Amino acid sequence: MSSLLEPEAIEVMERSNKDPDQFSGTLTDEEKREIDEEAAHYEGKSSVGLEALRIVQKHRGWISDSSLQAIANYLEIPVAQLEGVATYFQLIFRQPVGKEVIYLCKSASCWIMGCDQLQKHISQRLQIEPGQTSADGIFTLLETPCLGDCDKAPVLMLGDEMYRNLDESAIDALIEKKKQVHADKSSH
Amino acid sequence: MLTNPLTKNITKDNIAADITRYLANDGYQGWRKAHSMAPDDIITLVKEGGLRGRGGAGFNTGLKWSFVPRGEGSPKQKFIVCNADEMEPGTFKDRLLMERDPHLLLEGMAIAAYAIGASVGYIFIRGEYHLAAERLELAIEEARSRGFIGNNIFNGEYSLEIFVHRSAGNYICGEETALLNALEGRRAIPRAKPPFPQVSGLWGKPTVVNNVETFCNIPHLVALGIDWYRGLGVGQDAGSKIFGVSGKVKNPGAWELPMGTSIREIIEQHAGGMRDGLRLKGFLPGGGSTDFLGPDHLDLPMDYDVIGKAGSRMGTGTITVMDDKTCPVGLVLNLTQFFARESCGWCTPCRDGLPWVVKVLQRIENGEGLPEDLELLQEQCERIGPGKTFCALAPGAAEPIQSALKLFERDFLDHIKKGCCPYK
């Protein structure tokens, strides 16, 4: 079958198979313990694919190919089944993201209240389009379906926090605050 | 007489009613009473109380429960599941209930679980609702420590565990069979019906899935009875409801009001009417998958069948208001982009049809629409409509489109004729 592929295509595939993940293909004891805790609530380990993905992502920042394989091995489910789950949900990352992920709500009420303008403002300020990460590696901008805070539109979510009734100056202040947090962290 | 059973524990500050406050305000009295009743009698009471599903479909809740096989020969293991995957564009009522009065939901779930004979319950909550999930987990611990859930509740034989399942952001998980697949750890694709979940649901066992607000209606319905509950409504439907308004009104928000409250009262009185200089052009009565209604419909009462007869659905009861300075084509485009993005991709009309609709709407909005595009949109709506797809996502997506074509036809035509968006 390989004869059907152009050499360049094979090269691309090989390159993409080199996992840039710093973590090995095994789960840590802590990750396993947290997964087991969740599994106790369900009919067996095979049901906690999403929980396991979330737990591992919490520790590693994103789900690499080797992390995916390690989880599938641990849950004793086909890796393709787990990949089907991982790629289905917007809160699971199959590629690295910034330290702060901005989820900008783009649904009806926020649209009426001007979220498109806010998106342009964020994009201009951070020099990124939705789906991209800023050059300093701090911010990733994602557009999200309705965040369920429509009476306080426009809104965004960053980490566990909601930011409501936004305007451009509120966004500037938030970005500056987060930049400062990470500047302080790296200087220590 | 109690008139605000859903929000009586909700205060102006942003804290949750803890177990002490909840109990001090007659908390868990409904559960205590239900526990002394025969399960069949609870189901009958809920059925006759006239409670209809608050997730949007409006199905009689007691009737839904009654489809669970009971008695000898029925499966021992059954499940109760709370659909807390609130993600319908323009909907923000379940967040309020879960963040501010988590015990009300737990009490409602406990009664429902006991009525259908379930020993395990799951709250399927969207991953973005961090605060609500934390408060529910804390409330579960509180309720367990006081013996309202856990083993041998009220020193009887009945035991119940409730767990929080945090999802990770996907609209179709709100469809109950997709939700069950997700709970089982699978990709959340809707299942074929029948069998319905009440017969074969989670892991093939009888399962009832109800919305957050539906469960929150149960404790007081049981504690205070059918007559009181039916008397709460001022129109055809029973009970009270969280209604909300978002958009360019003076005072957007959510309020508990009687079922059957008029749309005009909700928008003009509670939401304070339109902001200065703006007129109401149209509104979605209950989320992004409901048909637009116009100023002529303002005096309709928020009752399921009345809104249905007017050509829309009450849906979630949270109204999205569109003003006369907002482009209807742009709004419909935004809504359709949402549905196209959230399609699970399982069936062709939805997976391929919705992006096609987006393309047509986008070119109209860009001023590149063709005169025949309106007919094309109409045809597309029929092709993704009821009966053509695996679940209700695409038919729901068609509702705002086809109603906008009727109500705002002039705006669509203007875009095409002028070759630009007249609102920009």
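Keep in mind that this is a model prediction, so the values were computed, not measured.

Rules used throughout
- Residues numbered from 1 in each chain as written.
- Chains lettered and ligands numbered in written order.
- Predicted model: local features only at pLDDT ≥ 70, side-chain atom pairs only at ≥ 80, totals over all residues.
- Heavy atoms only, no water.
- Domains from an automatic or database assignment.
- Contact = heavy atoms within 4.5 Å.
- Buried area = accessible area lost by both parts, 1.4 Å probe.
- Salt bridge = Lys/Arg side-chain N within 4 Å of Asp/Glu carboxyl O.
- Helix = DSSP H or I, 4+ residues; strand = E, 2+ residues; numbered from the N terminus.
- Polar contact = N/O pair within 3.5 Å; in protein donor to acceptor, adjacent residues only side chain to side chain.
- Buried < 20%, exposed > 50% of the residue type's maximum accessible area, 1.4 Å probe, protein only.

Residue and element names in this part refer to chain B. Domains assigned within chain B are domain 1 (19–232), domain 2 (240–323) and domain 3 (328–418). Between the C-alpha centres of domain 1 and domain 2 the distance comes to 27 Å. At the junction of the two partners, domain 1 supplies 18 residues and domain 2 supplies 21 residues. For the pair domain 1 and domain 2, the summed buried surface comes to about 1500 Å²; carbon and sulfur atoms form 55% of the total. Here domain 1 and domain 2 share 2 salt bridges between them. Between R52 and D305 there is a salt bridge; the shortest N-O distance is 3.3 Å.

To continue, consider the environment of R135 of chain B. All names here are of chain B. As for its position among the elements, R135 is in helix α7 (residues 130–145). Distance from R135 to G308, taken between C-alpha atoms, is 36 Å for residues 173 residues apart in sequence. Setting aside residues no more than four positions away along its own chain, R135 makes contact with N14, I15, A16, M98, E99, R100 and P102. Only 2.8 Å separates the side chain of R135 from the backbone oxygen of E99, close enough to count as a polar contact.

Attention now goes to unusual backbone geometry. Residue and element names in this part refer to chain B. With omega at -5 degrees, the peptide bond leading from K193 into P194 counts as cis. Tracing the chain through its elements places P194 in the loop between α8 (176–183) and β4 (207–211). A cis geometry characterises the amide bond from P194 onward to P195, with omega recorded as 5 degrees. Topologically, P195 is positioned in the loop between α8 and β4. Its identity as a non-glycine residue notwithstanding, N152 has a phi of 50 degrees, on the positive side. For N152, the position within the fold is in the loop between α7 and β3 (161–166). Judged by relative accessible area, which is 44%, N152 ranks as partly exposed. Look at N155: it is not a glycine, yet its phi comes out positive at around 60 degrees.

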